[in-house]
Protein chains: 2
Amino acid sequence: MTRKLHLNAFLMGVGHHEAAWRHPRTEPSRLTDVRHYQELARIAERGKLDSLFLADGVALQGNVRHNALGGLEPLTLLAALASVTDHIGLIATVSTTYNEPFHVARKFASLDHISGGRAGWNIVTSASEAEALNFGVERPAHAARYARADEFLDVVGKLWDSWEDDAILGDRAGGLYADTGKIHPIEHAGHHFAVRGPLNTSRSPQGRPLLVQAGSSEDGKEFAARHAEAVFTAQQTLEEGQEFYTDIKRRLAAHGRQPGDVLVLPGISPIIGSTEREALHLEKELEDLIIPAYGLAQLSHMTGIELSEDDLDRPLPDVPTETEGAQSRRKLVIDLARRERLTVRQLLNRLAGGRGHRVVAGTPEQIADQLQEWFFTGAADGFNIMPPLLPLGLSDFVDHVVPELQIRGLFRYEYEGRTLRDNYGLTRPASRYAARLEAAVAG
Amino acid sequence: MTRKLHLNAFLMGVGHHEAAWRHPRTEPSRLTDVRHYQELARIAERGKLDSLFLADGVALQGNVRHNALGGLEPLTLLAALASVTDHIGLIATVSTTYNEPFHVARKFASLDHISGGRAGWNIVTSASEAEALNFGVERPAHAARYARADEFLDVVGKLWDSWEDDAILGDRAGGLYADTGKIHPIEHAGHHFAVRGPLNTSRSPQGRPLLVQAGSSEDGKEFAARHAEAVFTAQQTLEEGQEFYTDIKRRLAAHGRQPGDVLVLPGISPIIGSTEREALHLEKELEDLIIPAYGLAQLSHMTGIELSEDDLDRPLPDVPTETEGAQSRRKLVIDLARRERLTVRQLLNRLAGGRGHRVVAGTPEQIADQLQEWFFTGAADGFNIMPPLLPLGLSDFVDHVVPELQIRGLFRYEYEGRTLRDNYGLTRPASRYAARLEAAVAG
Ligand SMILES: Cc1cc2nc3c(=O)[nH]c(=O)nc-3n(C[C@H](O)[C@H](O)[C@H](O)COP(=O)(O)O)c2cc1C
Ligand SMILES: Cc1cc2nc3c(=O)[nH]c(=O)nc-3n(C[C@H](O)[C@H](O)[C@H](O)COP(=O)(O)O)c2cc1C
């Protein structure tokens, strides 16, 4: 079988471009309307995409005066989308920093049951101060957040395994519903968590949801190498993409994993036109709708530099050392400004489309060329598609780029399996407790 | 308008009877199948019921060897049901003891958006030791749990109010998405929680979900009087029902509330036959499927007495004083055994149908008579319907009891409004911040 690429639809309100809500082709009032997301899910499924994905944070971040913020909680929304789709994977972002593993394990197991095996978890550690303030704590340090995340994954893994696959007997006549020898208290007692278990939701179709990770700091990449099965990443140039890809794959061996066990999916915001001119026109239209005050605040937040309108036509000032927020995004933004010698205004325009993700304007063929190049030159196993406008940018992608990829033999014509793991060509994990029993019998 | 009664469908796996999973008319393999619940939701909506409700606990409780346990997390499941229903309210149980108010406020606001204003929250405080052990803490004392619940309600109330109704401007030309003067940090700093806010989900259709409460201890009733808009309760006799009803309504004045502000809904498990004989036959069938070991463990847990099979044909032994678990259910069970001089086996049979809720076997007319009597004699504003078998017991209720109630003028023929609050005839709350501003302008 030839290697096929994997495509994830990253959904965000009415589009990824920060001015999407001002564009005449969007309807910002649909931000909290489930029908909007149902429509997006159906479009993505029509395009045979592997999955759709919702980002999340647990604070109102960014200035809502100038952007359409305040949408829906991802897990709740994805459960609603499960009912109207059949094949597409459903990936929700949930933080390990302000949650309890028991709740998280249970909600994902439930979503996996409800969707027939299509749940995925984008694991994040909540980099911002604003989030900490909604939970009455000081923001934990970067390393401490990742240490907690590690133990969190250990606990949820045990909980998902706590019911073996064949624990349920359903023997009505004998009055035996389950074999309690195959339902295990996990008795976890660690540094951050003490959890007895077992989970009170039975083992789900995928055994555990697909695990996705999106931090690119040193800690983030090590975390991905240990736990993730797919990695979302923001990479601006092909060289950087190749370097990141190689780096992630190289780390796996130390954890007894194979290169194929983790898929690397860089983000791309495709601005699609039937001609290049049309694509550039749309890009310009969006640029003209940018509100500098909004981007300035975002950029100040990302970099830790206080910026004002006076700075717009100057280069990015020197940057103080800051290590506790989102490290990799900060580095990417600063590198971009330095490399291309951008003024603050130019940098804002570059970030408005994808907050640091690559933005490519062109025809469907040109977009497909870009994807193909990264896919064939060791920079990507697939892509995180971030349409600038929604639903328009997604339907353009599905109706024009996907067929081009199919013709080139790069993408599926039909779903091959039933679960999200099937879509990504990943295996279903066995319960660690079942393995232990077999080992005990064998030994 | 004549007073109409309100009906809530309390869904539980394949039925409320603890032996339901062994009965040939159920399919226990559907316990984690969303289509089972979609079917139940559609039946309840066909019957014009006000709402459906899912109980919950955050531990595997009861012996799964002998009962179909390990189902789905309610909020996730209700989001999936929102997509396939239009009118029925969706009430999820969530504990205030092991959750964070920010997450809970957000998930319910999201469910309320997704369902177009049909979300309700059954607020519980998690009475069991087993739950505490999944969160690495000692079970907090009864009073401490309710104190935390009180502050929890204060915080979530502020978060739901944090976006005023008219905060969103959606002014594309002017680049003004929201009036940030109408989106309020809540700056809560209390004994249990410190939460800055605002919520990052905009104000939902109902303003806040319907608040339901189900504890009947002294603390529980006071909590209901302060916060609840509907109360679920287990009452065995008409006199007890009247006493409880009067008690709840009487408490409201002290909190500036009217008797109509809180609906009292006692539970009832109707065992329906087209003749009385048929109903009694079904009741006997279910009784014969009971596994005493299962009920004994439940009863030991509820009462705090260690019971064994040797105790089955003796009266319930004397009961040690225990004050930190679920107080009201324990009292109800002990009172029932004493009042009717039941042996342990007889008590188990009485509890198997509804875990302490009233069980009534009879024809649709006889069931309707019972509901009518309680409704007309000051014991109920409506009922929490707990079908012994699902879906069968629910479709029997909807197809045979509901029409009888309609003919008697006791129940609606059509939904009158769109939201859960509309179904229950309750008002939509204003944001406290809007009120404060108006007061400031007026003053
Ligand atoms: C495609 C993509 C999506 C992300 N989505 C989220 C998100 O939804 N919520 C979040 O808190 N962080 C999100 N992040 C940020 C990372 O998860 C991570 O927290 C951040 O990059 C800081 O981690 P680091 O210091 O390891 O780089 C995302 C990153 C990428 C590349
Ligand atoms: C109809 C009904 C449903 C209930 N559902 C739940 C539930 O889902 N989860 C839970 O922990 N407790 C549930 N309870 C128990 C109560 O919420 C409460 O925790 C318990 O009665 C102890 O409170 P008390 O000591 O104030 O009586 C329910 C009670 C009733 C009457």
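This is a predicted model, so every value here is computed, not measured.

Undergrad: Explain the relation of the copies chain B and chain A to me, and be specific about the residues and the numbers.
TA: The transformation that overlays chain B on chain A combines an axial shift of 0.0 Å with a rotation of 180 degrees, and the residual RMSD is 0.0 Å. The relationship between the two copies is best expressed as a two-fold rotation axis. For chain B, the smallest separation between a C-alpha atom and the rotation axis is recorded for A80(B), amounting to 2.1 Å. Looking at the interface residues of chain B, 100% of them are also at the interface in chain A, so both copies use one shared face.

Undergrad: If you had to explain the packing of helix α6 (residues 218-227) of chain A against helix α7 (residues 238-252) of chain A to someone new, which residues and values would you point to?
TA: All names here are of chain A. Two elements in contact, α6 and α7, have axes whose closest approach is 8 Å; the angle formed by their N-to-C orientations is 50 degrees. In terms of their interaxial angle, α6 and α7 are classed as oblique. With respect to the hand of their crossing, α6 and α7 are arranged in right-handed fashion. Along its contact with α6, which presents E218, K221, E222, A224 and A225, the element α7 presents F244, D247, I248, R251 and L252. Grouping the amino acids of the contact of α6 with α7 by side-chain chemistry returns five nonpolar, no polar and five charged.

Undergrad: Could you give me a rundown of the pattern of salt bridges, with the residues and numbers involved?
TA: All names here are of chain A. Evaluated as defined, the whole model comprises 74 salt bridges over all chains. As a salt-bridge pair, R139 and E129 come within 3.6 Å of each other at their nearest N and O atoms. With R139 in the loop between α4 (129-132) and α5 (142-161) and E129 in helix α4, this residue pair connects regions lying 10 residues apart in the sequence. By relative accessible area, which is 45% here, E129 ends up partly exposed.

Undergrad: Could you give me a rundown of the site of ligand 2, with the residues and numbers involved?
TA: Residue and element names in this part refer to chain B. Taken together, 23 residues lie around ligand 2, and D56, H142, Y146, S217 and S328 are the ones closest in. Surface burial for ligand 2 is 90%, taken as the share of its 620 Å² of free accessible area covered by protein chains. Taken together, the elements giving at least two residues each to the shell around ligand 2 come down to β4 (119-124), α5 (142-161), β10 (230-233) and α10 (327-339). A total of three residues in the shell around ligand 2 trace back to one element, the largest contributor, which is α10.

Undergrad: Summarise the site of ligand 1; cite the residues concerned and give the values.
TA: Residues and elements named next belong to chain A. Around ligand 1, 22 residues are found, and the nearest of them are D56, H142, Y146, S217 and S328. The side chain of Y146 places a nitrogen or oxygen atom 2.7 Å from an oxygen atom of ligand 1. One of the side-chain nitrogen or oxygen atoms of S217 is found 2.4 Å away from an oxygen atom of ligand 1. Burial of ligand 1 by the protein amounts to 90% of the accessible area it has alone, namely 620 Å². Taken together, the elements giving at least two residues each to the shell around ligand 1 come down to β4 (119-124), α5, β10 (230-233) and α10 (327-339). It is α10 that provides the largest number of residues to the shell around ligand 1, a total of three residues. Among the residues making up the shell around ligand 1, the classes are represented as seven nonpolar, 13 polar and two charged.

Undergrad: Hey, could you go over the side chain of S162(A) for me, with residue numbers and the actual values?
TA: All names here are of chain A. Looking at the element boundaries, S162 is found in the loop between α5 and β5 (168-171). Residue class for S162 comes out buried when judged on its relative accessible area of 0%. A polar contact of 2.7 Å, which involves the side chain of S162, links it to the backbone oxygen of L159. For S162, the residues in contact, after removing those within four places along its chain, are K182, I183, H184, I186, P198, L199 and Y433.

Undergrad: Tell me about the confidence of the model for chain A, residues and numbers included.
TA: Put simply, chain A has an average pLDDT of 95, and 97% of its residues get 70 or more. The ipTM, which scores confidence in the relative placement of chains, is 0.96 for this predicted complex, and the corresponding pTM is 0.96.

Undergrad: Which residues make up α5(A), and what values do they have?
TA: Count 3.6 residues to each turn of an α-helix, and residues three or four apart come out pointing the same way. For α5(A), spanning 20 residues, the distance from its first C-alpha to its last is 29 Å, which sits close to the expected 28 Å at 1.5 Å a residue. For α5(A), the buried fraction is high: 15 of the 20 residues fall into the buried class.

Undergrad: Explain the interface of chain B and chain A residue by residue, including any values.
TA: Facing 73 residues of chain B, the contacting portion of chain A comprises 73 residues. Note on chain B versus chain A: buried area summed over both sides is about 5,700 Å², and carbon and sulfur give 57% of it. Counting every contact that joins chain B to chain A gives four salt bridges. The shortest N-O distance in the salt bridge between R106(B) and D56(A) comes to 2.7 Å. Inspection of the chain B/chain A interface yields 42 residue pairs in polar contact (both at pLDDT 80 or more). For the side of chain B that touches chain A, the secondary structure elements donating two or more residues are α1 (34-46), α2 (74-82), α3 (101-114), β5 (168-171), β6 (176-178) and β8 (194-195) of chain B. The biggest single contributor to the side of chain B that touches chain A is α3(B), with eight residues.

Undergrad: How would you sum up the pairing of strand β12 (residues 358-362) of chain B? Please name residues and give values.
TA: Consecutive side chains along a regular strand alternate between the two faces of the sheet. Residues and elements named next belong to chain B. Judged by which residues are buried, β12 turns out to be one-sided: R358, V360 and G362 face inward and are buried, whereas V359 and A361, on the alternate face, are not. Bridge count between strand β11 (residues 263-272) and β12: five bridges; the pairing is parallel. Bridging across to β12, I271 finds its partner in A361.

Undergrad: So what about helix α3 (residues 101-114) of chain A? Which residues, and what values?
TA: A rise of 1.5 Å per residue sets the reference length of α3(A), with its 14 residues, at 20 Å; its end C-alpha atoms lie 20 Å apart and thus fit the reference within 8%. The buried fraction of α3(A) amounts to 14 of the 14 residues, a majority that puts the element mostly inside the structure.

Undergrad: Break down the packing of aromatic side chains for me, with residues and values.
TA: Overall, the coordinates contain 22 aromatic pairs over all chains when judged by the stated rule. On the basis of an interplanar angle of 80 degrees and a centroid distance of 5.5 Å, the ring pair of W21(A) and Y177(B) is categorised as edge-to-face. On the criterion of chain membership, the pair formed by W21(A) in the loop between β1 (6-11) and α1 (34-46) and Y177(B) in strand β6 is interchain, its members lying in two chains. Each member of the pair, W21(A) as well as Y177(B), is classed as buried.

Undergrad: Mind laying out unusual backbone geometry, listing which residues take part and the relevant values?
TA: With an omega of 5 degrees, the peptide bond running from L390(A) to P391(A) counts as cis. Summarising the element assignment, P391(A) is placed in the loop between β13 (382-385) and α13 (392-407). Phi is positive for R355(B), which is not a glycine, with a value near 50 degrees. Here R355(B) is to be found in the loop between α11 (344-352) and β12.

Procedures and definitions
Residues numbered from 1 in each chain as written. Chains lettered and ligands numbered in written order. Predicted model: local features only at pLDDT ≥ 70, side-chain atom pairs only at ≥ 80, totals over all residues. Heavy atoms only, no water. Least-squares fit on C-alpha atoms with pLDDT ≥ 70 in both. Contact = heavy atoms within 4.5 Å. Axes fitted to C-alpha atoms, helices over the stretch in contact; angles between N-to-C directions. Helix = DSSP H or I, 4+ residues; strand = E, 2+ residues; numbered from the N terminus. Parallel < 35°, antiparallel > 145°, perpendicular 65-115°, else oblique. Left-handed = near helix turned anticlockwise from the far one by under 90°. Nonpolar A, V, L, I, M, F, W, Y, C, P; charged D, E, K, R; others polar. Salt bridge = Lys/Arg side-chain N within 4 Å of Asp/Glu carboxyl O. Buried < 20%, exposed > 50% of the residue type's maximum accessible area, 1.4 Å probe, protein only. Near = heavy atom within 4 Å. Areas by Shrake-Rupley, 256 points an atom, 1.4 Å probe, with all protein chains shown as cover. Polar contact = N/O pair within 3.5 Å; in protein donor to acceptor, adjacent residues only side chain to side chain. pLDDT = per-residue confidence, 0-100. Expected span 1.5 Å × (residues − 1). Buried area = accessible area lost by both parts, 1.4 Å probe. Pairing = 2+ DSSP bridges. Phe/Tyr/Trp six-rings, centres within 6.5 Å; stacked < 30°, edge-to-face > 60°.

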